[in-house]
Amino acid sequence: MYYLDPKNDVTFKKVFGQHPRVLISFLNAILPIATENPIAEIEYMPPEILPLIPKLKNTIVDIRCRDHNGRQFLVEMQLLWTDSFQSRILYNTCKVFSQQINKGNPFEMLSPVYSINIINQSFSRQTKEWMHHYKLSHQTLPDRTMDGIDFILLELPNFIPENTQSKRLTTLWLRFLKEIKNRTTMIPEELMEVPEIAEAIEALKESSYSKKELEQYERYWDIVRTQTAFVQDALKKGKIEGKIEGKIEGKIEGKVEGKLEGKLEEKIAIGRNLKSNGFSLEDICKLTGLTRDEVNLL
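Residues numbered from 1 in each chain as written. Predicted model: local features only at pLDDT ≥ 70, side-chain atom pairs only at ≥ 80, totals over all residues. Heavy atoms only, no water.

Draft legend 1. Geometry of helix 6 (residues 195-202). Taken residue by residue, helix 6 has Glu196, Ile197, Ala198, Ala200 and Ile201 as its buried positions. At its buried positions, helix 6 is contacted by helix 1 (9-17), helix 2 (20-30), helix 4 (168-179) and helix 5 (189-192). (Buried < 20%, exposed > 50% of the residue type's maximum accessible area, 1.4 Å probe, protein only. Helix = DSSP H or I, 4+ residues; strand = E, 2+ residues; numbered from the N terminus. Contact = heavy atoms within 4.5 Å.)

Draft legend 2. Structural view of the packing of helix 2 against helix 4. Interaxial distance between helix 2 and helix 4 falls to 8 Å at its minimum, and their mutual angle equals 120°. What the angle tells us is that helix 2 and helix 4 run oblique. Taken as a pair, helix 2 and helix 4 cross one another with a handedness that is left-handed. Between helix 2, through Val22, Ser25, Phe26, Ala29 and Ile30, and helix 4, the contact on the second element is made entirely by Leu169, Thr170, Trp173, Leu174 and Leu177. A breakdown of the residues in the contact of helix 2 with helix 4 according to their chemical character gives eight nonpolar, two polar and no charged. (Axes fitted to C-alpha atoms, helices over the stretch in contact; angles between N-to-C directions. Parallel < 35°, antiparallel > 145°, perpendicular 65-115°, else oblique. Left-handed = near helix turned anticlockwise from the far one by under 90°. Nonpolar A, V, L, I, M, F, W, Y, C, P; charged D, E, K, R; others polar.)

Draft legend 3. Examining the side chain of Ser25 more closely. Along the polypeptide, Ser25 turns up in helix 2. Residues within four places of Ser25 in sequence aside, it is in contact with Leu169, Trp173 and Glu196.

Draft legend 4. Looking closely at the packing of aromatic side chains. In total, this model carries twelve aromatic pairs according to the counting rule given. Measuring from centroid to centroid gives 5.8 Å for Trp81 and Phe85, while their planes differ by 80°, and the two rings are edge-to-face. Accessibility assignment for this pair places Trp81 and Phe85 in one class, buried. Summarising the aromatic geometry, the rings of Trp81 and Phe123 are spaced 4.4 Å apart at their centres and angled 15° between planes, so their arrangement reads as stacked. Of this pair, Trp81 sits in the loop between strand 5 (72-78) and helix 3 (83-98) while Phe123 sits in the loop between strand 6 (113-119) and strand 7 (131-137), and the two are 42 residues apart along the sequence. Take Trp81 and Phe123: they sit in the same class, and that class is buried. Taken together, the ring pairs in this structure connect Phe12, Phe16, Phe26, Trp173 and Phe176 into an aromatic cluster. It is Lys14 that lies over the ring of Tyr209; its NZ or CZ is 4.0 Å from the centre. We note Arg183 situated over the ring of Tyr2; from NZ or CZ to the ring centre the distance is 3.8 Å. (Phe/Tyr/Trp six-rings, centres within 6.5 Å; stacked < 30°, edge-to-face > 60°. Lys NZ or Arg CZ within 6 Å of the ring centre and 35° of its normal.)

Draft legend 5. Representation of helix 9 (residues 281-288). Counting buried residues along helix 9, six of its eight residues qualify, which places the element largely inside the surrounding structure. Listed in full, the buried residues belonging to helix 9 are Asp283, Ile284, Cys285, Lys286, Leu287 and Thr288. At the exit of helix 9 stands Gly289, carrying a positive phi of roughly 85°.

Draft legend 6. Geometry of the pattern of salt bridges. The final tally for this structure, using the stated rule, is 18 salt bridges. Of the charged contacts, one joins Lys7 and Asp5 as a salt bridge, the two residues approaching to 3.1 Å between their closest N and O atoms. Considered together, Lys7 and Asp5 belong to a single accessibility category, that of buried residues. Here Lys205 ties to Glu202 by a salt bridge, and the two come within 3.0 Å at their closest N and O atoms. Shared partners join several salt bridges into a network, and the residues in it are Asp9, Lys13 and Asp62. (Salt bridge = Lys/Arg side-chain N within 4 Å of Asp/Glu carboxyl O.)

Draft legend 7. Region of interest: the pairing of strand 6. When you tally the buried positions in strand 6, you get seven out of seven residues, the bulk of the element. Where strand 5 lies against strand 6, seven bridges are found, and the strand directions are parallel. The residue of strand 6 that forms the bridge with Val75 is Ile116. (Pairing = 2+ DSSP bridges.)

Draft legend 8. Region of the structure containing the nonpolar core. In this structure, Phe16, Phe26, Leu27 and Phe176 are the most contacted members of the largest nonpolar core, which totals 51 residues. Among the elements that take part in this core, helix 2 stands out by supplying seven residues, more than any other. Once residues lying within four places of it in the same chain are set aside, the contact partners of Phe176 are Pro6, Val15, Phe16, Leu191, Ile197, Ala200, Ile201 and Leu204. Ile223, Ile270, Ile284 and Leu287 belong to the second largest nonpolar core, which has nine residues in total. (Core = buried A, V, L, I, M, F, W, Y, C linked by side-chain atoms within 4.5 Å.)

Draft legend 9. Looking closely at the environment of Val61. Summarising the element assignment, Val61 is placed in the loop between strand 3 (59-60) and strand 4 (63-67). With 28 residues separating them along the chain, Val61 and Ile89 place their C-alpha atoms 9.5 Å apart. Not counting chain neighbours up to four residues away, the residues in contact with Val61 comprise Pro47, Ile49, Glu76 and Asn92.

Draft legend 10. Local environment of the sheet that holds strand 8 (residues 145-155). The sheet built from six strands is open, its strands ordered 1-4-5-6-8-7 with mixed pairing. The open sheet has two free edges, formed respectively by strand 1 (42-44) and strand 7, since each of these has just one partner strand. Strand after strand, the sheet turns through a mean of 20° between neighbouring axes, direction not considered. Sheet analysis places strand 7 next to strand 8, joined by seven bridges and oriented antiparallel. Looking at strand 8, one finds that Met131 is bridged to Leu154. Strand contacts of helix 1: strand 1, strand 4, strand 5 and strand 6, with the helix running at about 15° to strand 4, the strand carrying the most contacts.

Keep in mind these numbers describe shape, not what the thing actually does.
Structural data, given as structure tokens:
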């Protein structure tokens, strides 16, 4: 029996987007709200977040749902960290929060929005923390916060079960995401002891996927490998600026304007290559940060 990697776009959406009990268990294990007001029911919502003005860009998230209290949850799986992904997190969450009420409705109708983002790459550099929880707070009195929007970023490479004090369910869900790889054959018994995790693992069986789904699964790995190769090549050539363990790899010459142009040129080059290789519009937008209109013009 072979199991597929839950971090792949195809499997992630199938596991968490088609099994509500699984998603509820995962959210309650990860979010800080679970102790006081746990999620009991969820309703899946369209993943496409439409703009208020039709001509503005829209984006698609992996999973979007709301619970019985009206709280909304955006769940994203990202294998490679980019600056554009961080901007997309802010854009999507704020847009969902603002779209809850129509003109003339009272602001008291606004419900909290939680953005949960699982990143399979180290990005914080300066810390070994695996969970990064952001919310609006007073700059000099950090215990005073403005509720409404929470950002949760899970840095999977930093999660080491032996070094964490997290509750058992949280640890098991993170192990599920981190330890099950492509074509895994052996599943740890402790993961199977949790009914919801066992249900998620059942949804990862290779035999439960159609030929078309398996082709999409492999195609997604091709996308990731292509993007990784582009980034590594750009680093070697000094086209982008990045910090790895405190050392600067590469250098962008010129002023700020030149830096921005260089980043845009890099996105366009990657987008053109992905487009010429037959990748979908949705995948190209997600991997490059370009809008649909920009991709269509390539």
